[in-house]
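A structural walkthrough
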Amino acid sequence: MDIKKIVSSMTLEEKIAYCTGKDFWHTKDIKRLDVPSIMVSDGPNGLRCQKDEADMLGVNVSLPATCFPSSVTAAQTWDIELIEKQGKAIGKEAKKENVSVVLGPGCNIKRNPLGGRNFEYYSEDPILAGEIAASWIQGVEKEGVGASLKHFAANSQEYKRLISDSIMDERTLREIYLSAFERAVKKGNPSTVMCSYNKINGVYSSDNKSLLTDILRKEWGWNGCVITDWGALHDRIEAYKAGCDLSMPGGSKYMEDATLKAVKEGRLSEKLIDETVERILSLVEKSGKTEKEEVDWNEHHRVALKIAEKGAVLLKNEDKILPLKEDEDIALFGFMAGKMRYQGTGSSHINPKNLIEPIEFFKDKPWIAGVDENGNFDECAIKEITEGAKKHRVIIAFVGLPESYESEAFDRDTMKMPSGYLKLLEVLTEANPNTVAVLFSGSVVDMSWENSVKAILYMGLPGEAGGEALYNLIYGKAVPGGKLAETWPLKYSDVPSSDSWGKVNAEYREGIYVGYRYYDKAKMKVRYPFGYGLSYTEFEYSNLIVEGRKVSLTVKNVGEYDGDEVVELYIKNPEKNGYRSLRELRGFSRVRLNRGEEKRVSFTLTDRDFSIYDGGWRAIGGDYTIEIGSSSRDIRLSALIHIEGDEPRRELDGSWYCDPVGKPSKEEFERLIGRSVEEYKPRHKGEYTMDNSCMEMKEHSLIMKIQYRVTENIISKSYGGKKDYSDPGFKMMMVASADCPLRTSIINSGGTLTERMARSFLLMANGKCIKGILSFISPFLGAK
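Quantities reported herein were computed from a predicted structural model and do not represent experimental measurements. (Residues numbered from 1 in each chain as written. Predicted model: local features only at pLDDT ≥ 70, side-chain atom pairs only at ≥ 80, totals over all residues. Heavy atoms only, no water.)

1. Some details on the sheet that holds strand β6 (residues 199-200)
If you walk across this open sheet you meet the 4 strands as β7-β6-β4-β16, and the pairing is mixed. Every other strand in the sheet has two partners, leaving β7 (203-204) and β16 (505-507) as the edge strands with one partner each. Where strand β4 (residues 165-167) meets β16, 3 bridges bridge the pair, whose relative direction is parallel. Bridge assignment links Asp165 to a residue of β16, and that residue is Asn505. (Pairing = 2+ DSSP bridges. Helix = DSSP H or I, 4+ residues; strand = E, 2+ residues; numbered from the N terminus.)

2. Re the side chain of Asp520
In this fold, Asp520 is placed in helix α17 (residues 516-521). Non-local contacts of Asp520, meaning those with residues more than four positions away in its chain, are made with Leu582, Arg583, Ser632 and Arg633. (Contact = heavy atoms within 4.5 Å.)

3. Structural notes on the pairing of strand β14 (residues 455-460)
In terms of residue burial, β14 counts as a mostly covered element, since 6 of its 6 residues are buried. The alternating pattern of β14 places Ala455, Leu457 and Met459 and Ile456, Tyr458 and Gly460 on opposite faces, both of which are buried. Relative to β14, strand β9 (residues 313-317) is paired through 4 bridges, and the arrangement is antiparallel. Within β14, the position partnered with Asn317 by the bridge is Ala455. By the bridge criterion, 5 bridges tie strand β13 (residues 435-440) to β14 in an arrangement that is parallel. Pairing of Leu439 across the sheet is with Tyr458, part of β14. (Buried < 20%, exposed > 50% of the residue type's maximum accessible area, 1.4 Å probe, protein only.)

4. So, the state of the cysteines
One pass over the structure, following the stated rule, counts 0 disulfides. Here Cys19 is not cross-linked by a disulfide; its sulfur's nearest cysteine counterpart is in Cys225, at 8.9 Å. Cys19 gets classed as buried once you look at its relative accessible area, which sits at 0%. No disulfide involves Cys740; its sulfur sits 8.8 Å from that of Cys694, the nearest cysteine. (Disulfide = S-S within 2.5 Å.)

5. Some words on the nonpolar core
Residues Phe152, Trp230 and Ile474 are the most contacted members of the largest nonpolar core, which totals 224 residues. Sorting elements by how many residues they give to this core places helix α5 (residues 126-142) first, with 8 residues. Apart from residues lying up to four places away in sequence, Ile474 is in contact with Leu322, Pro323, Leu324, Phe362, Ile396, Val436, Val438, Leu457 and Tyr536. Of all hydrophobic cores here, the second largest spans 23 residues; its members include Val555, Leu569, Phe603 and Ile641. (Core = buried A, V, L, I, M, F, W, Y, C linked by side-chain atoms within 4.5 Å.)

6. Some points on a nonpolar patch on the surface
On the surface, Leu702, Ile706, Val710 and Ile714 cluster together to form a nonpolar patch covering roughly 380 Å² of accessible area. For Ile714, the location among the structural elements is in helix α20 (residues 702-716). Judged by relative accessible area, Ile714 falls into the exposed class, the value being 52%. (Patch = residues over 30% accessible without salt bridge, like charges linked within 9 Å, V, L, I, M, F, W, Y side chains within 5 Å. Areas by Shrake-Rupley, 256 points an atom, 1.4 Å probe, with all protein chains shown as cover. Salt bridge = Lys/Arg side-chain N within 4 Å of Asp/Glu carboxyl O.)

7. Comments concerning a negative patch on the surface
On the surface, Asp372, Glu373, Asp378, Glu379, Glu384, Glu387 and Glu403 cluster together into a negatively charged patch. In this structure, Glu373 sits in the loop between β11 (367-368) and α14 (382-390). With a relative accessible area of 48%, Glu373 lands in the partly exposed category. (Lys, Arg positive; Asp, Glu negative; His and termini not counted. Charge placed at Lys NZ, Arg CZ, Asp CG, Glu CD.)

Right under this line is the structure:
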């Protein structure tokens, strides 16, 4: 494909139009220039390919595909080679369906346990998140299929995600929220990067030249194509200037006329449009050459099984109650034994090729549900539950978060599980102390009930092979070796962002102190530390050697089972380090060891590992400690190392940021970022803009109230006519449809809602009804 020649043969109008997709899942083709269309599809825990009815939230049916464990479980493997195999498998399935780009992986940081989409992200730590994401990307790209690293950047909440503003200091942005993306981009080299909905320090991601050009392309050396999240384009003119290329979904002509006018008036260079078209054509050329091939579904299921087994985390195992013997007298309790929670809700929702529920592997064992799919306790079954629990030596309680608790488009309200599951555990543990809890959830839950059970096996969201993985782990056919990729606090109020979470103006007051970076420096007790996980076997660490930047040690399996250990390398920062965390993960390695076997594990450090961001990466001089551990709170070996470097800055000495106990005040946060932050003020009638939603305007506008009811009625038809906001699918669709900005509604409508129509509705919502009506009907009058 001669890209330069193609661009020179296109009219300005054609070039502008080409930068918007053809429809929901395709780029535009240009038949007269032999430019083909390519198809993109959702990921990242499988291929969500829709050939008929399309949507971005997983509501309509997609083609069957391997449903791999969600990112929460994948990250807990700490196994980059295994995640690359997952990427390769998804790439092969994409080729089978002629999909050129898979929209994944998600690389955002888990800032807060209540993030509704935490299940789709990897970790609170940028090193772990970046390494896992890079491996996934490498696997997909090796199959000739493009990956789309998302959501760039600082998209850590679902509440008002299309207009929220992630407000933070430059150091926090660089060290925490961009660092994972940087690693994934430099190591994985994805074909595309997807820009997020939100603003960062007042600038929408799609319009952010600093983010998309200065950092992503110039600083990191990446030369791919930036795609918007579906409906994320804010201002097409500013997006061209920023380096945002392909607006998706297609079908609308949002701001095409305005762009044409800007070029003619000299406010936008046509050269920028040419460069944008060239990047899209390069993507088409690179990713449009995949050859269709058959898929080994059994092999892909085995990869999914291995991830589910390796990503499960044994949180507790009192009296070594696990593993059980296969002839053990046991009974199962909980709805999820028959219908486990195996994936998240939203755009990552996969139609599983080979789903087998846990009960199919335990089918000779008695099972009582005790709760319904929403976690409501069955009071009528309390006698049956109590008597059933007393009859057996060991009971397995299936508990966790139902779909209605966590999803794309909305955040969780609480860390607690449904009261029905808590009641079930209470009844079971009073009847039988030998209770094993199997936990399914996409993120952290309150574990105040921890001491009432003998063992806890956390499965995360384990994908289609989760039932088999659970069976193998319970009976010792597989040995737990997963480690937590996020800290589990004792209670929600301990979370450093709990006071500033879930607001339109999202003040990242905690700065760099996310997860263990905060808990460890604040010396705060946690339920389970970052990197924590038990095993059926035991490991011994020895012979740590540090030679310059080379670190090596020996790890030995001294227990009774063959198994895996994740060796974690942390760097403990110098004493009196000011605004800096106590320790930071700098490397990890998952090692397979048979009983009695030992292996040497090696790491190589760089200057970056001892650096902070201060207008650039600066190594800070001092005495550091190399720590080797099994979690951030279980350090087995250590050695001192001196680093020559700069002196740390002391402007924040005496503030919360040097001694983070409790929560930072707004005044301290404003001192950190160097400016004041105004509270978000909702607009009212007469002030509404294209950034306001139908849901925001309906209380003050009859036209928007009518529009809201129409939307509600249309969506309810897919749910049997019910307007049930406890249903995660219905709630998600309503939030996504009625609480998105008018500009996003135009883009996502595929041309059904035009700019003129939307601006007419906006005039009416602002009280200018006659002007709005005239604007709406003027084309029809002109036609007459």
